[in-house]
Every structure is written in C-alpha cells, then in structure tokens.
Amino acid sequence: RVSDLSLSHGYELLNTKDSINQKAVEELHLVKAKPGTVLFPRSGAAILTNRKVLLAIDAYIVSHLAAVEPIQSILDSKYALYAILTIDMKNHTDNPSYPSLKLSKISQLSLPLPPLQEQKRIVQYLEKVHSKIKEIIKEIEKSEEELKLLEKSVLDKAFKGKL
C-alpha cells in the first residue's frame, strides 16, 4: 500500500502492515514485486510527497503504486532509486486537483545511464554522504537537547534570582 512507504528505513522498505493470501492475490490482481524494485505513488495526493523507496522484500503491490524493476545487468537498483529521487513526480501529472501518473508517462521518464561500474561508484559515494548526513543530524538533535536543558537551567536560575 502507499501507506507502507512511510514504514521504510531511510529509502529501504523492509516490511508492510498487511499480509495477504492467494485468494486476495487472484481477486485483486496484485502484482508481485521483487527486492530491488523502486516503488512510488502513482495516484492521488501521495504523489506530491515524492516518496520513493527501494523494496527489500518480495511484496504484492496495489495499483496505486508504480514499480520500476531494474534489469540488474544494466541498472543497479540503488542507482535507479537515487536517479528516480531526482524526479519531481508532480511535474508529470495531468490534473493537479487529483494527481495521477499514467504508466505511459512513467515509461517515458529517462534516467542517466552510465556504465554499471560507474553506477556502483556513484551509489557508494552517495551512501557515504548519507551516512555523514545521518551523523550530522544526530549531532544536531543532541545539541538541541542540550540547548533545551541549558534554557531550562537559565530560566530556573532567572526565577530564583540567581542570574
């Protein structure tokens, strides 16, 4: 489901809220997506979130999601995700009041396609950058907590006349 995209850890979807049986697969015409598939909303306001994830498990997907399954011999899954992350999907919708992405439009989107080794090098670099960003975010959060404690201490001293 589209709501499952918010369960992702970073850009990787590791689980879903729902489970299904074979009857549901058949009746709802669900499509099984493999790990390494890039998922993003293709109908409704969720498109405007520009949320995109890399599926890390086998999963059946609903028609409100688009799935891009890279051909591994020419397109690295993580590279595909990072390239798709640069696309603002709302620019490819026809009706802003009820946004939707037609499969024909999605299939026309183009991605830069360097050689596979270069893709892997780019992914490695981006993962290093993301790791550093996460470290910086943790430091900022720690500093914010320390600032709140400091502010509380100053207020406490101010009201006790100890400034």
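Residues numbered from 1 in each chain as written. Predicted model: local features only at pLDDT ≥ 70, side-chain atom pairs only at ≥ 80, totals over all residues. Heavy atoms only, no water.

Trainee: Could you give an account of the overall build of the protein, with specific residues and numbers?
Mentor: For the protein, the count of helices and strands is 4 helices and 6 strands. By residue count, 27% of the 163 residues in the protein fall in the buried class. With an accessible surface of roughly 11,200 Å², the protein has 56% of that area assigned to carbon and sulfur atoms. Distance between charge centres in the protein, computed from 24 positive and 20 negative side chains, equals 2 Å. (Helix = DSSP H or I, 4+ residues; strand = E, 2+ residues; numbered from the N terminus. Buried < 20%, exposed > 50% of the residue type's maximum accessible area, 1.4 Å probe, protein only. Areas by Shrake-Rupley, 256 points an atom, 1.4 Å probe, with all protein chains shown as cover. Lys, Arg positive; Asp, Glu negative; His and termini not counted. Charge placed at Lys NZ, Arg CZ, Asp CG, Glu CD.)

Trainee: Tell me what's going on with the environment of His 92, and back it up with residues and numbers.
Mentor: Within the secondary structure layout, His 92 lies in the loop between α2 (77–85) and α3 (103–108). Of the residues examined, His 92 reaches a relative accessible area of 26% and is grouped as partly exposed. Sequence spacing of His 92 and Gly 10 is 82 residues, and the spatial spacing of their C-alpha atoms is 24 Å. In this view, His 92 contacts Ile 87, Ser 100, Leu 101, Lys 105 and Leu 109; residues no more than four positions away in its chain are not counted. (Contact = heavy atoms within 4.5 Å.)

Trainee: Go over the pattern of salt bridges, please, and point to the residues and values.
Mentor: Scanning the model with the defined rule gives 10 salt bridges in all. In this structure, Glu 69 and Lys 34 form a salt bridge, with 3.7 Å as the shortest nitrogen-oxygen distance. On the criterion of sequence distance, the pair formed by Glu 69 in the loop between β6 (65–68) and α2 and Lys 34 in the loop between β2 (31–33) and β3 (38–41) is long-range, its members being 35 residues apart. Its relative accessible area of 45% is what places Glu 69 among the partly exposed residues. Three or more residues are tied together by salt bridges with common partners; here these are Asp 94, Lys 102 and Lys 105. (Salt bridge = Lys/Arg side-chain N within 4 Å of Asp/Glu carboxyl O.)

Trainee: Any details on the nonpolar core? Residues and values, ideally.
Mentor: Of all hydrophobic cores here, the largest spans 17 residues; its most connected members are Val 38, Phe 40, Tyr 79, Ile 84, Met 89, Leu 101 and Ile 106. Secondary structure elements with two or more residues in this core: β3 and α2. Ranked by residues supplied to this core, first place goes to α2 with 6 residues. Leaving out residues up to four positions away in the same chain, Ile 106 has contacts with Phe 40, Arg 42, Ala 66 and Leu 101. (Core = buried A, V, L, I, M, F, W, Y, C linked by side-chain atoms within 4.5 Å.)

Trainee: Explain helix α4 (residues 116–159) to me, using residue names and the numbers behind them.
Mentor: The terminal C-alpha atoms of α4, which comprises 44 residues, lie 64 Å apart, in line with the 64 Å expected from a rise of 1.5 Å per residue. Where α4 ends, the next residue or the one after it, Gly 161, has phi of about 70°, a positive value. (Expected span 1.5 Å × (residues − 1).)

Trainee: Give me the lowdown on the pairing of β3, citing residues and values where you can.
Mentor: Side-chain alternation along β3 places Val 38 and Phe 40 on one buried face and Leu 39 and Pro 41 on a second face that is also buried. The pairing of β3 with strand β4 (residues 53–55) spans 2 bridges and is classified as antiparallel. Within β4, the position partnered with Leu 39 by the bridge is Val 53. Pairing analysis gives 4 bridges linking β3 to β6, with the strands arranged antiparallel. Bridging across to β6, Pro 41 finds its partner in Leu 65. (Pairing = 2+ DSSP bridges.)

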